[in-house]
Amino acid sequence: MRLSVNNRAVALALALALSACSGESPLTPGARVAAVLASRDSISFDIGDSVLVQADARDASGNSVLDASIDWRSTDPGIATVLPNGRLAQVIAAAAGTAGIVASAGTRSTTIAITVVPPITATTLAVHTDTAWSLEDQDSVRFTSLSATGPRFGHYSVVARSNFVAAYLQTTTSHAITFYAQQVGQTWVVVTERRGTADSLLFVVRQRPAQVHISFDAFQGIVDRTFQLTAQVMDARNHPIPGQAVSWKSLDTTIARVDSTGLVTFRAVDTTAIVATHASGLADTAPVSVLAQPKLYLTNLVVGHSSSITIGVHELSDSFYAYADNAVSPWVHLRLVDTSLVAVAESVAVGGTFQGRGRRPGQTLLIAEAPFLTPDTVSVHVLPSRLALVDYVEPPGFVLVGTDNAHFTAIPLDSAGTQHGLADTLVVTFHSSNSSVLRLASDPFIGTYPPGQQGLPAFAAHAADTGRAVIYA
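This report concerns the structure included in the present document. Treat the numbers as computed from the prediction; the structure is a model and nothing was measured.

Structural notes on the overall build of the protein chain
In step 1: Helix and strand counts for the protein chain stand at 2 helices and 43 strands.
In step 2: Taking the intrachain contacts of the protein chain between residues at least 6 apart in sequence as the baseline, contacts between residues at least 24 apart amount to 57%.
In step 3: When the accessible surface of the protein chain is split by element, carbon and sulfur atoms take 54% of a total near 25,300 Å².

Here you go:
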């Protein structure tokens, strides 16, 4: 409704009259206060607690009347006292009961409802012992507090007496303690309300066997070799339980045998399984496959040559390569049935090479052996050696013209005509049957060939006259 000018004047006159009746001048701060607002409508707290509150004087437009003073009082100082400080006041709980804190400015006021709750007389946990059966297990136990008027909640702290368990409060949701098992053992956990009432619980951490776990889900081995297994007994959360023993068993001891420590010996090619069993009856099984022993190989490195060793006396054989998969030892032992025929090194590294040295004609066997490997055997044939005279320019039975030179040499061959490197120093004496026709640098001429050579140096013979001559080596 809109007021006319006359009506406004009447309203103002009435307001002035009311102010005069209340003793307030229309220009004083108290006269302008239309309402008092407090920061709290109500307070509920314990004896001895204090709360800081604030009040604000507002005019009819809702604006703060900053120069209006606020008066504070308690309706029952025996229940709650008030300590004014201008617009602020500290309210202190003195005794259980209800009261009001009044904030006023001029003729206006507001009241804060005060409830001082009875003190807690007891705090009680729902249970007083609890057990976790696995590390990392969690459990919660509720608790309540009582006052003279019945159940109520307060302000709590919780302490675990050792690090076997961690304990946490959940008062914001369910007023419970959550326990978290960290180590095997036991400890007391105490919940305390801030006024001193408390209760305790003995929390025990154990590990109950829930499963057995063998170190390998499945494994394989080679005949005559061994393999070490271990097994752990675990709780329900897969944590190992110390000090728990298992017994071992093979489902077929003709294929694989296992001793009391879990050491598996592979006996025959086939498949079976190893079982680890705990005293509780819990068990785990690991399948096993037993493979044949890998073979040791001696291989001729010269492509196209025989896998057997064929050499002449005082000659070197082809290079042979010793190889095996899954070798246990880094060395291969070389054993000759007849050492008088040929000489070889006593051992060679796996992946290494070796050569034989012919000593005298004959046949024998060379056996290569290494731990847990099937041996390899190669035949050795030592042939008589011979010299062959060759000319690198002219064909055999060459013809010299004028004063040409013959470029000849002697090469060592075995009786089969195969050339090999020399095993020893070779000294060859050359002689011309007619030095007036074919003259050597000296007659006899002596040529020396060091060990290991296969292509020997050439020497010159000078054509001295027409005719025929024979060179002997």
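Structure's up, so let's keep going.
A few points about the side chain of T187
In step 1: Relative to the helices and strands, T187 is located in strand 16 (residues 185-193).
In step 2: Assessed through its relative accessible area of 3%, T187 is described here as buried.
In step 3: For T187, the side chain forms a polar contact with the main-chain nitrogen of R161, separated by 3.3 Å.
In step 4: There is a polar contact of 3.0 Å between the side chain of T187 and the backbone nitrogen of S162.
In step 5: Discounting chain neighbours no more than four positions away, the residues touching T187 are A160, R161, S162, V165, L201, L202 and F203.

Section: the pairing of strand 24 (residues 263-266)
In step 1: Taking every second residue as pointing to the same face, the buried face of strand 24 carries V264 and F266, while none of L263 and T265 on the other face is buried.
In step 2: Sheet analysis places strand 20 (residues 226-228) next to strand 24, joined by 3 bridges and oriented antiparallel. Counted as the bridge partner of T226 is T265 from strand 24.

Some details on the sheet that holds strand 29 (residues 320-323)
In step 1: One open sheet holds the 3 strands; their spatial order is 27-29-33, and the pairing between them is antiparallel. Single-partner strands in this sheet number two, and they are strand 27 (297-300) and strand 33 (353-354).
In step 2: In the sheet, strand 27 pairs with strand 29 via 4 bridges, with the strands oriented antiparallel. Counted as the bridge partner of Y297 is Y323 from strand 29.

Quick word on the nonpolar core
In step 1: By size, the foremost hydrophobic cluster in this structure holds 25 residues, and its most contacted members are F45, V53, W72, V91, I101 and I114.
In step 2: Elements that contribute at least two residues to this core include exactly strand 2 (42-46), strand 3 (50-58), strand 5 (80-85), strand 6 (88-93), strand 7 (97-105) and strand 8 (108-117).
In step 3: Counting residues in hydrophobic clusters, the runner-up holds 22 residues, among them V332, L341, V342 and V382.

Focus on the pattern of salt bridges
In step 1: Across all of its chains, the model carries 12 salt bridges by this definition.
In step 2: The closest approach of N and O atoms between D67 and R32, which form a salt bridge, is 3.1 Å. Here R32 lies in helix 2 (residues 29-32) and D67 lies in the loop between strand 3 and strand 4 (71-74), a separation of 35 residues in the sequence.
In step 3: Here R32 falls in the partly exposed class, since its relative accessible area comes to 35%.
In step 4: A salt bridge links D338 to R360; its shortest N-O distance comes to 3.7 Å. Placement of D338 in the loop between strand 30 (331-336) and strand 31 (342-343) and of R360 in the loop between strand 34 (357-358) and strand 35 (362-369) is noted, with a sequence separation of 22 residues between them.
In step 5: On the accessibility criterion, D338 (26% relative accessible area) is partly exposed.
In step 6: Sharing partners across several salt bridges, the network here consists of D46, D49, R152, R194 and R195.

Remarks on the side chain of R152
In step 1: Structurally, R152 can be placed in the loop between strand 12 (150-151) and strand 13 (156-160).
In step 2: The exposure class assigned to R152 is buried, which follows from its relative accessible area of 15%.
In step 3: In this structure the side chain of R152 is engaged in a polar contact, spanning 2.4 Å, whose partner is the side chain of D46.
In step 4: In this structure the side chain of R152 is engaged in a polar contact, spanning 3.1 Å, whose partner is the backbone oxygen of P118.
In step 5: With near-sequence residues (within four places) excluded, R152 lies in contact with D46, V117, P118, P119, I120, S145, L146 and S147.

Some points on the environment of I311
In step 1: When you line up the elements, I311 lands in strand 28 (residues 309-312).
In step 2: By relative accessible area, I311 is classed as buried at 0%.
In step 3: For the pair I311 and A416, spaced 105 residues apart in sequence, the C-alpha separation works out to 9.4 Å.
In step 4: Setting aside chain neighbours within four positions, we find I311 in contact with L316, S317, V342, G356, R357, G358, H381, V382, L383, D414 and H420.

Some points on the packing of aromatic side chains
In step 1: For the structure on display, the rule yields 7 aromatic pairs.
In step 2: Ring centres of F219 and F266 lie 6.2 Å apart, and the angle between their planes is 55°; this geometry places the pair in the tilted category. Within this pair, whereas F219 is found in strand 19 (residues 219-222), its partner F266 is found in strand 24, the two being separated by 47 residues in sequence.
In step 3: For F219, a relative accessible area of 8% puts it in the buried group.
In step 4: Ring centres of Y321 and Y323 lie 6.0 Å apart, and the angle between their planes is 10°; on these two criteria the pair is classed as stacked.
In step 5: Y321 sits in the partly exposed class, given a relative accessible area of 28%.
In step 6: Its relative accessible area of 34% is what places Y323 among the partly exposed residues.

Considerations on the sheet that holds strand 3
In step 1: Strand order in the open sheet made by the 4 strands is 1-3-6-5, with antiparallel pairing throughout. The open sheet has two edge strands, strand 1 (35-38) and strand 5, and neither has a second partner. The sheet shows a mean angle of 25° between the axes of neighbouring strands, taken without regard to direction.
In step 2: Note that strand 3 and strand 6 share 5 bridges and pair antiparallel. By the bridge assignment, Q54 is partnered in strand 6 with L88.

Brief notes about unusual backbone geometry
In step 1: The phi dihedral of E136 falls on the positive side, at around 75°, and the residue is not glycine.
In step 2: Looking at the secondary structure, you find E136 in the loop between strand 10 (129-132) and strand 11 (138-147).
In step 3: Here N238, not a glycine, exhibits a phi torsion of approximately 65°, which is positive.
In step 4: Summarising the element assignment, N238 is placed in the loop between strand 21 (231-234) and strand 22 (246-250).
In step 5: Taking relative accessible area as the criterion, N238 reaches 49% and is therefore assigned partly exposed.

Conventions adopted
Residues numbered from 1 in each chain as written. Predicted model: local features only at pLDDT ≥ 70, side-chain atom pairs only at ≥ 80, totals over all residues. Heavy atoms only, no water. Helix = DSSP H or I, 4+ residues; strand = E, 2+ residues; numbered from the N terminus. Contact = heavy atoms within 4.5 Å. Areas by Shrake-Rupley, 256 points an atom, 1.4 Å probe, with all protein chains shown as cover. Buried < 20%, exposed > 50% of the residue type's maximum accessible area, 1.4 Å probe, protein only. Polar contact = N/O pair within 3.5 Å; in protein donor to acceptor, adjacent residues only side chain to side chain. Pairing = 2+ DSSP bridges. Core = buried A, V, L, I, M, F, W, Y, C linked by side-chain atoms within 4.5 Å. Salt bridge = Lys/Arg side-chain N within 4 Å of Asp/Glu carboxyl O. Phe/Tyr/Trp six-rings, centres within 6.5 Å; stacked < 30°, edge-to-face > 60°. Axes fitted to C-alpha atoms, helices over the stretch in contact; angles between N-to-C directions.

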